[in-house]
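Each chain, written out:
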Amino acid sequence: MIEKINDLLKKVEEFKPQAADEIEQFRVKLLGRKGELNEILEEFKSVAPELKRELGQKINALKTQATEKINTLKAEFENRMQETPAGDALDMSRPGTADEIGSRHPISLVRNQIVEIFTRLGYVVAEGPEIEDDWHVFSALNFPPEHPARDMQDTFFIEKNPDILLRTHTSSIQVRTMEAQKPPIRVICPGRVFRNEAISYRAHCIFHQVEGLYIDEHVSFADLKQAILYFAKEMFGEQSQIRMRPSYFPFTEPSAEVDVSCNLCGGKGCNVCKHTGWLEIMGCGMVDPNVLSASGIDPQKYSGFAFGMGVERIAMLKYGVKDLRLYFENDLRFLRQFESAL
Ligand code: DAH
């Protein structure tokens, strides 16, 4: 009988179930009403009294050990089930979790679209550094030394060297292109720009612009108008019209501000166009002869036009976004509304 008890103790020690129901089977076989322990207890009744004490202790030990082991094993399996709600981490037949496919950011979508429209007209993409110097952002673009755009309030300067700054517009790429290439030049320049502005629904300290530049012999204001009209129709629809209002930029002469007919009300007047029927989309003009000379291009021989627009603004008009901050918050509920990436 002692051998039987020792055998069972060993069995309990070595028991290593692979699945939860094996534990229950093991319990029934050992501790159940018709189980092995009860068989032993039956035999125990007829054991000689002088052996009863020793054997009784052994049987009790067997019972406690078995119960403890079974309870711990059960708890372990239970935990595993909770960690893997699928029930079993190795169940290869269950469906997997699908990868979430993102969508392109509206700013990227619109920037790509602007660039693509001008590439169709023969423009090529040019880029420049975000950390610039005074020459490329201001001086070469005919900004007088006291011009307010150079003011500390607008421009982020590097404290140790005020000649180094974060570009406030992508017009700096015009200068870099003219310094590096001979006309004819036709470039479209997308990029990020920085201004020291308080963040609100209509302003941000980081935003995006696309600059365009066309330099050749005999380029006229009519060419500029034609290029912008083509752009407006491609971006906002065939029915779009443009108008130009006289304006001032240091680097263009004459300069104009371009409006496109409001694509929401068709020009009749609504909240978005403030009942004017027109939406402002960009600045433009004929490149000032001083700017051509500063970059080593002969203003007697060549002329050209330039234009610059804010990508956030174009995207706002195209998608009816009312708060510029939404572009920067990365809220998926906002971002998911735009064209899927694939
Ligand atoms: N650089 C101007 C700005 O940031 C935009 C601009 C206006 C660019 C007229 C041009 C232009 O090339 O001709 O506000």
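Here the structure is shown first, and the text comes after it.
Parameters at a glance
- Residues numbered from 1 in each chain as written.
- Predicted model: local features only at pLDDT ≥ 70, side-chain atom pairs only at ≥ 80, totals over all residues.
- Heavy atoms only, no water.
- Helix = DSSP H or I, 4+ residues; strand = E, 2+ residues; numbered from the N terminus.
- Buried < 20%, exposed > 50% of the residue type's maximum accessible area, 1.4 Å probe, protein only.
- Contact = heavy atoms within 4.5 Å.
- Near = heavy atom within 4 Å.
- Polar contact = N/O pair within 3.5 Å; in protein donor to acceptor, adjacent residues only side chain to side chain.
- Areas by Shrake-Rupley, 256 points an atom, 1.4 Å probe, with all protein chains shown as cover.
- Nonpolar A, V, L, I, M, F, W, Y, C, P; charged D, E, K, R; others polar.
- Pairing = 2+ DSSP bridges.
- Axes fitted to C-alpha atoms, helices over the stretch in contact; angles between N-to-C directions.
- Parallel < 35°, antiparallel > 145°, perpendicular 65-115°, else oblique.
- Left-handed = near helix turned anticlockwise from the far one by under 90°.
- Phe/Tyr/Trp six-rings, centres within 6.5 Å; stacked < 30°, edge-to-face > 60°.
- Lys NZ or Arg CZ within 6 Å of the ring centre and 35° of its normal.

Enquirer: Describe the environment of Ala256, listing the residues and the values that go with them.
Expert: Summarising the element assignment, Ala256 is placed in strand β8 (residues 252–261). What makes Ala256 buried here is its relative accessible area of 3%. Separated by 130 residues in the primary sequence, Ala256 and Ala126 have C-alpha atoms spaced 23 Å apart. Among residues more than four places away in sequence, those in contact with Ala256 are Phe221, Met244, Arg245, Pro246, Ser247, Phe249, Met282, Gly283 and Cys284.

Enquirer: Any details on the site of the ligand? Residues and values, ideally.
Expert: Around the ligand sit 15 residues in total, of which His169, Ser171, Arg195, Gln209 and Glu211 are the nearest. Gln209 places a polar side-chain atom, nitrogen or oxygen, 2.9 Å from an oxygen atom of the ligand. Here an oxygen atom of the ligand sits 2.5 Å away from a polar atom, N or O, in the side chain of Glu211. For the ligand, the protein covers 88% of the area, taking 350 Å² as the surface of the free molecule. Contributing elements (two or more residues each) for the shell around the ligand: α7 (171–180), β6 (206–216), β9 (278–287) and β10 (303–310). Partitioning the shell around the ligand into residue classes produces 5 nonpolar, 8 polar and 2 charged.

Enquirer: Please set out the sheet that holds strand β2 (residues 131–133) residue by residue, giving values where relevant.
Expert: Ordered in space as β2-β4-β3, the 3 strands form an open sheet in which the pairing is antiparallel. This sheet does not close on itself; its edge strands, each paired only once, are β2 and β3 (157–158). Direction of pairing for β2 relative to strand β4 (residues 161–166): antiparallel, over a ladder of 3 bridges. In the sheet register, Ile131 faces β4, and the bridge partner there is Leu166.

Enquirer: How would you explain unusual backbone geometry if you had to name every residue and give the values?
Expert: Between Pro183 and the following residue, Pro184, the backbone shows a cis peptide bond with an omega angle of 5°. Relative to the elements of secondary structure, Pro184 occurs in the loop between α7 and β5 (185–194). Each neighbour pair has its own omega, and for Glu253 with Pro254 the value is -5°, a cis peptide bond. Assignment of secondary structure puts Pro254 in strand β8. You will see that Asn142, though not glycine, has its phi angle at about 70°, which is positive.

Enquirer: Provide a residue-level description of the packing of helix α5 (residues 106–120) against helix α8 (residues 221–236), including the pertinent values.
Expert: Running from amino to carboxyl end, α5 crosses α8 at an angle of 135°, the nearest separation of the two axes being 10 Å. Relative to α8, the element α5 is oriented oblique. Between α5 and α8 lies a crossing whose hand is right-handed. Across the interface between the two elements, Val110, Gln113, Ile114, Ile117, Phe118 and Arg120 from α5 touch Ala227, Tyr230, Phe231, Glu234 and Met235 from α8. Across the contact of α5 with α8, the residue classes break down as 8 nonpolar, 1 polar and 2 charged.

Enquirer: Quick rundown of the packing of aromatic side chains? Include the residues and the values.
Expert: With the rule as written, the count across this model stands at 14 aromatic pairs. Where Phe249 meets Phe251, the ring centres are 5.7 Å apart and the plane angle is 25°; that geometry is what we call stacked. Overall, the relative accessible area of 21% leaves Phe249 in the partly exposed class. Classification of Phe251 as buried rests on a relative accessible area of 11%. The structure contains a cluster of three or more aromatic residues connected by ring pairs, namely Phe118, Tyr123, Tyr214, Phe231, Phe305 and Phe307. The aromatic ring of Phe44 is capped on one face by Lys52, whose charged end is 5.5 Å from the ring centroid.

Enquirer: Quick one: what's the story with the side chain of Glu132, residue by residue and with numbers?
Expert: Here Glu132 is to be found in strand β2. In terms of polar contacts, Glu132 uses its side chain to reach the side chain of Arg176, at 2.7 Å. When sequence neighbours within four positions are dropped, the list of residues in contact with Glu132 reads Val137, Asp163, Ile164, Leu165, Arg167, Ser172 and Arg176.

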